[in-house]
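# Observations on chain architecture
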Amino acid sequence: MHEMSIAQNLLEIISQEMAKNGMTTLHTVKIKYGRMASVVPEALETAFMAVTIKTDLEGAVLELEEIPVTLECSDCGHEFTPDEDEILLHPCPQCGQDFGHTVKTGRELYIEYIEAE
Ligand SMILES: [Zn+2]
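Positions within a chain are numbered from 1, following the residues in the order the chain's sequence is written. At least 70 in pLDDT is required for a residue's local features to be given in this predicted model, at least 80 for side-chain atom pairs to be given and counted, and no such filter applies to totals for whole chains, interfaces and linings, which use all residues. Based on all heavy atoms of the structure, the side-chain values leave hydrogens and waters out of the count.

### Details of the nonpolar core
Nonpolar core, defined: a set of buried Ala, Val, Leu, Ile, Met, Phe, Trp, Tyr and Cys residues in which side-chain atoms within 4.5 Å join the residues together. The buried label applies to any residue whose accessible area, calculated with a 1.4 Å probe on protein chains only, is under 20% of its type's maximum; exposed applies above 50%, and partly exposed to all values in between. Membership of the largest hydrophobic core comes to 20 residues, with the highest contact counts inside it found for Leu10, Ile14, Leu26, Val29, Leu44 and Phe48. The element best represented in this core is helix α1 (residues 2–20), accounting for 6 residues. If near-sequence neighbours (up to four positions away) are discounted, Val29 is found in contact with Ile14, Phe48, Val61, Leu62, Glu63, Ile111, Tyr113 and Ile114. Val69, Leu71, Phe80 and Cys92 belong to the second-largest nonpolar core, a separate cluster that totals 5 residues. Numbered from the N terminus, helices here are DSSP runs of H or I no shorter than four residues, and strands are runs of E no shorter than two. What makes two residues a contact is simply this: any of their non-hydrogen atoms within 4.5 Å.

### Quick word on helix α2 (residues 41–52)
Note: α-helices contain 3.6 residues per turn, so residues at a spacing of three or four share the same orientation. Here the expected length of a helix is defined as 1.5 Å per residue gap, with one fewer gap than residues. Taking 1.5 Å of rise per residue, the 12 residues of α2 would be expected to cover 16 Å, and the 16 Å separating its terminal C-alpha atoms lies within 8% of that figure. At its buried positions, α2 is contacted by α1, β1 (26–34) and β2 (61–67). Lys54 sits one or two residues past α2 and shows a positive phi near 65°.

### Brief notes about the sheet that holds strand β3 (residues 70–72)
Criterion used throughout: strands pair if DSSP finds at least two bridges between them. Strand order across the open sheet formed by 3 strands is β4-β3-β5, with antiparallel pairing between neighbours. The open sheet is flanked by β4 (79–80) and β5 (102–105), the only strands paired with a single partner. Sheet topology note: the β3/β4 ladder contains 2 bridges and is antiparallel. Among the inter-strand pairings, Leu71 is bridged to a residue of β4, identified as Phe80.

### Some remarks on unusual backbone geometry
Phi at Ser38 takes a positive value of approximately 45°, unusual for a residue other than glycine. On the accessibility criterion, Ser38 (52% relative accessible area) is exposed. Backbone geometry places Lys54, a non-glycine residue, at a positive phi of 65°. With respect to the helices and strands, Lys54 occurs in the loop between α2 and β2.

### A few points about the sheet that holds strand β6 (residues 109–116)
Reading across the sheet, the 3 strands line up as β2-β1-β6 and stay open at both edges, with mixed pairing between neighbours. Across the chains shown, the open sheet's two edge strands, defined by having one partner strand only, are β2 and β6. Averaged over all adjacent pairs, the angle separating strand axes in this sheet is 15°, with direction ignored. Summarising the sheet, β1 and β6 pair through 7 bridges and their orientation is antiparallel. Residue pairing across strands places Lys30 opposite Tyr113, the latter belonging to β6. Interaxial angles span 0 to 180 degrees and are taken between N-to-C directions of axes, which are lines fitted to C-alpha atoms, for helices over the stretch in contact. Seen against the sheet, α2 touches β1 and β2 and runs at an angle of roughly 155° to β2.

### Regarding the environment of Glu45
Relative to the elements of secondary structure, Glu45 occurs in helix α2. Sequence separation of Glu45 and Leu62 is 17 residues, and the distance between their C-alpha atoms is 6.5 Å. For Glu45, the residues in contact, after removing those within four places along its chain, are Leu62 and Leu64.

Printed below as a string of structure tokens:
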């Protein structure tokens, strides 16, 4: 399960960060993920809860924020956000080129911040 390994990774990163700062209780984790990162937020929340049970991180709130997809036109360099579900074939609003665009944002998955003490 994809989300399970993501949750496992998050747990490791957060634990290291907390240990480094002498923190023992985790309150909130803010995660940002791209629309193209194939993350199902509900599944990630469930997975995170599962991996944190009986750890110092148990009971922490996972906040998830989606990052929209931004494409850069392969022809004119114009940056735009395509409509949902039309990510691979979407005409550039400026010149009409409809494929070969570079994905600028939308594939990210990272921890924006953690709140712990
Ligand atoms: Zn264009």
